[in-house]
Amino acid sequence: MTDATLKSTPLNALHRDLGAKMVPFAGYDMPVQFPLGVLGEHKHTRAKAGLFDVSHMGQVRVDGDRAARMLETLVPGDIAGLTAGRMRYTQFTDADGGILDDLMVTHGGDHLFVVVNAACKGQDIALMREAFGDTLTELADRALLALQGPMAVDVLAALAPQAADLTFMTGAAMDVAGQPCFVTRSGYTGEDGYEISVPADGADALARKLLEHADVEAIGLGARDSLRLEAGLCLYGHDIDTTTSPVEAALTWSIGKRRREEGGFPGAARIQKEIAEGTTRKRVGLRPEGRAPAREGTEIVDADGTPVGRVTSGGFGPSVEGPVAMGYVARDHAAIGTSLSLMVRGKPLPATVVKMPFVTPGYKR
Amino acid sequence: MAVKYTEDHEWVAVDGDVGTVGITEHAQEQLGDIVFVELPDVGKAVVKGDEAGVVESVKAASEIYAPVSGEIVAVNEALADAPGTANTDPTGTGWFFKIKLSDMGELDGLMDEAAYKDLIG
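The sections below set out a description of the structure shown in this document. Since the model is a prediction, treat every value here as computed from it, not as a measurement.

1. Observations concerning the overall build of chain A
Part 1 of the reasoning: A count of helical and extended segments in chain A gives nine helices and 19 strands.
Part 2 of the reasoning: A compact globule built from 365 residues should have a C-alpha radius of gyration of about 21 Å, and chain A, at 20 Å, falls within 12% of that.
Part 3 of the reasoning: Summarising its shape, the C-alpha atoms of chain A cover approximately 60 × 50 × 40 Å along the three principal directions.
Part 4 of the reasoning: Counting only residues that meet the buried cut, chain A has 56% of its 365 residues in that class.
Part 5 of the reasoning: Residue pairs at least 24 apart in sequence account for 64% of intrachain contacts in chain A once pairs closer than 6 positions are excluded.

2. A word on the pattern of salt bridges
All names here are of chain A.
Part 1 of the reasoning: Overall, the coordinates contain 27 salt bridges over all chains when judged by the stated rule.
Part 2 of the reasoning: Of the charged contacts in the structure, one is a salt bridge between Arg-61 and Asp-63, with a shortest N-O distance of 2.9 Å.
Part 3 of the reasoning: For Arg-281, the salt bridge is made with Glu-248, and the minimal N-O distance between the two is 3.2 Å. With a gap of 33 residues between them, Arg-281 in strand S14 (residues 281–288) and Glu-248 in the loop between helix H7 (221–230) and helix H8 (257–262) connect regions that are remote in the sequence.
Part 4 of the reasoning: Residue classification places Arg-281 among the partly exposed positions, given a relative accessible area of 25%.
Part 5 of the reasoning: By relative accessible area, Glu-248 is classed as buried at 6%.
Part 6 of the reasoning: A network of salt bridges, in which partner residues are shared, links Arg-69, Glu-72, Asp-78, Arg-88, Arg-258, Arg-259 and Glu-262.

3. Here we look at the pairing of strand S10 (residues 171–176) of chain A
All names here are of chain A.
Part 1 of the reasoning: Sheet topology note: the S10/strand S11 (residues 179–184) ladder contains six bridges and is antiparallel. Within the sheet, the bridge partner assigned to Val-176 lies in S11 and is Gln-179.
Part 2 of the reasoning: Hairpin connection of S10 to S11: two residues between the antiparallel strands, including Ala-177 at a positive phi of 50°.

4. Details of the packing of helix H2 (residues 37–47) of chain A against H7(A)
All names here are of chain A.
Part 1 of the reasoning: In the contact formed by H2 and H7, the axes pass within 8 Å of each other and the chain directions differ by 55°. In this view, H2 runs oblique relative to H7, as classed from their interaxial angle. Read as a crossing pair, H2 and H7 show a hand that is right-handed. Listed contacts from H7 to Val-38, Glu-41, His-42, Thr-45 and Arg-46 of H2 are Gly-222, Ala-223, Ser-226, Leu-227 and Glu-230.
Part 2 of the reasoning: Here the contact of H2 with H7 is composed, by residue class, of three nonpolar, four polar and three charged.

5. Quick notes on the sheet that holds strand S6 (residues 51–57) of chain B
Residues and elements named next belong to chain B.
Part 1 of the reasoning: Across the sheet, three strands lie side by side as S4-S6-S7; this open sheet has antiparallel pairing. Lying at the two open borders of the sheet, with one neighbouring strand each, are strand S4 (34–38) and strand S7 (61–65). Direction aside, the axes of adjacent strands within the sheet are offset by 25° on average.

6. So, empty space enclosed by the protein
Residue and element names in this part refer to chain A.
Part 1 of the reasoning: A full pass over the atoms with the stated rule returns three cavities of 30 Å³ or more.
Part 2 of the reasoning: Taken as a whole, the largest cavity encloses approximately 60 Å³ of empty space.
Part 3 of the reasoning: Around the largest cavity, the lining residues are Met-87, Met-104, Thr-106, Phe-113, Val-115, Leu-144, Phe-182, Thr-184, Ser-186, Glu-195, Ile-196 and Ser-197.
Part 4 of the reasoning: Where the lining of the largest cavity is concerned, the elements lending two or more residues are strand S6 (99–107), strand S7 (111–116), S11 and strand S12 (193–199).
Part 5 of the reasoning: Per-element accounting of the lining of the largest cavity gives the leading share, three residues, to S12.
Part 6 of the reasoning: In this structure, the second largest cavity spans a volume of roughly 50 Å³.
Part 7 of the reasoning: Lining the second largest cavity we find Leu-11, Leu-14, His-15, Leu-18, Phe-34, Leu-51, Phe-52, Asp-53, Leu-211, Ala-218 and Ile-219.
Part 8 of the reasoning: Of all the elements in the fold, those that place two or more residues in the lining of the second largest cavity are helix H1 (12–17), strand S3 (49–53) and strand S13 (216–219).
Part 9 of the reasoning: Classifying every residue of the lining of the second largest cavity gives nine nonpolar, one polar and one charged.

7. Describing the interface of chain A and chain B
Part 1 of the reasoning: If you look at the interface, chain A gives 17 residues, while chain B gives 15 residues.
Part 2 of the reasoning: With both sides pooled, the region where chain A packs onto chain B buries about 1,300 Å², and carbon together with sulfur makes up 51% of that total.
Part 3 of the reasoning: Area buried by chain A at its contact with chain B is led by Arg291(A), Arg295(A) and Arg345(A), which between them contribute 45% of it.
Part 4 of the reasoning: Our count for the contact surface shared by chain A and chain B stands at three salt bridges.
Part 5 of the reasoning: Here chain A and chain B share 10 residue pairs in polar contact (both at pLDDT 80 or more) between them.
Part 6 of the reasoning: Taken together, the elements giving at least two residues each to the side of chain A that touches chain B come down to H2, H7 and strand S16 (307–317) of chain A.
Part 7 of the reasoning: When residues of the side of chain A that touches chain B are assigned to their parent elements, the largest contribution, four residues, is made by H2(A).

8. With respect to helix H6 (residues 200–211) of chain A
All names here are of chain A.
Part 1 of the reasoning: Helix length check: H6 (12 residues) gives 17 Å between terminal C-alpha atoms against 16 Å at 1.5 Å per residue, within 8%.
Part 2 of the reasoning: Those residues of H6 not exposed but buried are Gly-202, Ala-203, Leu-206, Ala-207 and Leu-210. The buried side chains of H6 occupy one side of the element, clustering within an arc of 140° when seen end-on.

9. As for the nonpolar core
Part 1 of the reasoning: Core analysis: the largest hydrophobic core is formed by 33 residues, its most contacted members being Leu286(A), Ile300(A), Leu340(A) and Leu342(A).
Part 2 of the reasoning: Not counting the four nearest positions on each side in its chain, Leu286(A) is found in contact with Ile300(A), Val311(A), Val324(A), Ala325(A), Met326(A), Gly327(A), Leu340(A), Leu342(A), Thr352(A), Val353(A), Val354(A) and Phe358(A).

10. Looking at the pairing of strand S19 (residues 347–354) of chain A
Side-chain direction in a regular strand flips from residue to residue, so the side chains alternate between the two faces of the sheet.
Residues and elements named next belong to chain A.
Part 1 of the reasoning: Bridge count for S14 against S19 is four bridges, and the pairing is antiparallel. Among the inter-strand pairings, Pro-288 is bridged to a residue of S19, identified as Ala-351.
Part 2 of the reasoning: Of the pairings in the sheet, the one linking strand S18 (residues 339–344) to S19 comprises six bridges and is antiparallel in character. Note on S19: the bridge partner recorded for Val-344 is Lys-347.
Part 3 of the reasoning: Here S18 hands over to S19 after two residues, with Arg-345 in that stretch at a positive phi of 50°.

Rules and cut-offs
Residues numbered from 1 in each chain as written. Chains lettered and ligands numbered in written order. Predicted model: local features only at pLDDT ≥ 70, side-chain atom pairs only at ≥ 80, totals over all residues. Heavy atoms only, no water. Helix = DSSP H or I, 4+ residues; strand = E, 2+ residues; numbered from the N terminus. Rg over C-alpha atoms; globule rule 2.2 N^0.38 Å. Buried < 20%, exposed > 50% of the residue type's maximum accessible area, 1.4 Å probe, protein only. Contact = heavy atoms within 4.5 Å. Salt bridge = Lys/Arg side-chain N within 4 Å of Asp/Glu carboxyl O. Pairing = 2+ DSSP bridges. Axes fitted to C-alpha atoms, helices over the stretch in contact; angles between N-to-C directions. Parallel < 35°, antiparallel > 145°, perpendicular 65-115°, else oblique. Left-handed = near helix turned anticlockwise from the far one by under 90°. Nonpolar A, V, L, I, M, F, W, Y, C, P; charged D, E, K, R; others polar. 1 Å grid on protein atoms, 1.4 Å probe; cavity = no way out; pocket = protein on both sides within 12 Å on 5 of 7 lines; lining within 4 Å. Points joined across faces, edges and corners; volume = space filled by probe spheres on them. Buried area = accessible area lost by both parts, 1.4 Å probe. Polar contact = N/O pair within 3.5 Å; in protein donor to acceptor, adjacent residues only side chain to side chain. Expected span 1.5 Å × (residues − 1). Arc of directions from axis to C-beta. Core = buried A, V, L, I, M, F, W, Y, C linked by side-chain atoms within 4.5 Å.

Now the structure itself:
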């Protein structure tokens, strides 16, 4: 806790007031869990509403008429096709078609609003700075809160009625409890909910205001991870990285039709070829039998015991009430319903390839 | 009945030559919500310090070590369906296994309650 090299978010004092267990994460001093505990926080978010501090993530604004076209030189997503208020998930790719990071892009009307992962933000911003020059502004003076769960809409609409009008994957500027915020109806839990970009100096007051609501609990990184895993969402550095392409990662849905045809993004040759011909391996969901979780790095074998892949994220799904995992398997073993085994502590644990997400999403489309 | 503690935050309560083993209140707090416990087979011979099982929280797996040498004579089958008992009652119904000690002298190398309390501060 006394590590002077760790950065802290504007909600650090709040986390401590709430009795959070703090851990270093991506260079930040972050809450891994609150007194409610990972299991309770996870279930609370699925039942009511959870408040997450995601201020460690990078927030960037890009101005200028050319912003969308220029961003398309870095990502395979259809950014030029975004209309005002709409947002999209995409990835920064490298020349070999590997994934440098994944990101969210929102058309803010007169600008693009981009959110990138904390661990990659230095590199991402350098990459974007090269393309955008001084039309890019790093929003270091803003915090980011996520309010997730079926009650999130009621909680936020009480402070900002406009929030109820947003649908999944749209965003707008609005005042929330008197703070000038940029709000998107999005998240990383599989639930309905919002991400709220708020001035850093007003973040503590806004978070405390949201927590005053009886249905809202503070949620740490532990439950954030189990929620996103059940939702089948990738964690950068684990499920996707420079060794995986968006096609292998089963993210082809995020590459628009025009981009598939036109290319014009880093690694387009490989990615277009993979879309046309398939890949040798694919990211799939895995449901182990019994209760033992299979963790990241677990070897996946076929019926003969031949290695066919590896788990990239795995653990216990509190809402599934059992172990869940995702990982890459050889193409011939990637079909839904395929029986495989996971080598947990030297013993083969039977598992089945299943469709993700592991839980029914609550997105308001 | 003497209760002794290890540096791995396990307790062993000895009755005659059989010790009941579990994790301490401090350990369950540190682990967080326990979702799975893998226990040794009854009849297995273990040496003090051997890995005797695994306890998994939502986030991570941690080894359970044999606090003393001997033979596993019973395991807490109830943990299979209710692993959370290791959180709610770690020093009672959340016990892990019973071990028939092969060397009672090993107990002298473990901590008493006062020494354990000093360790966890």
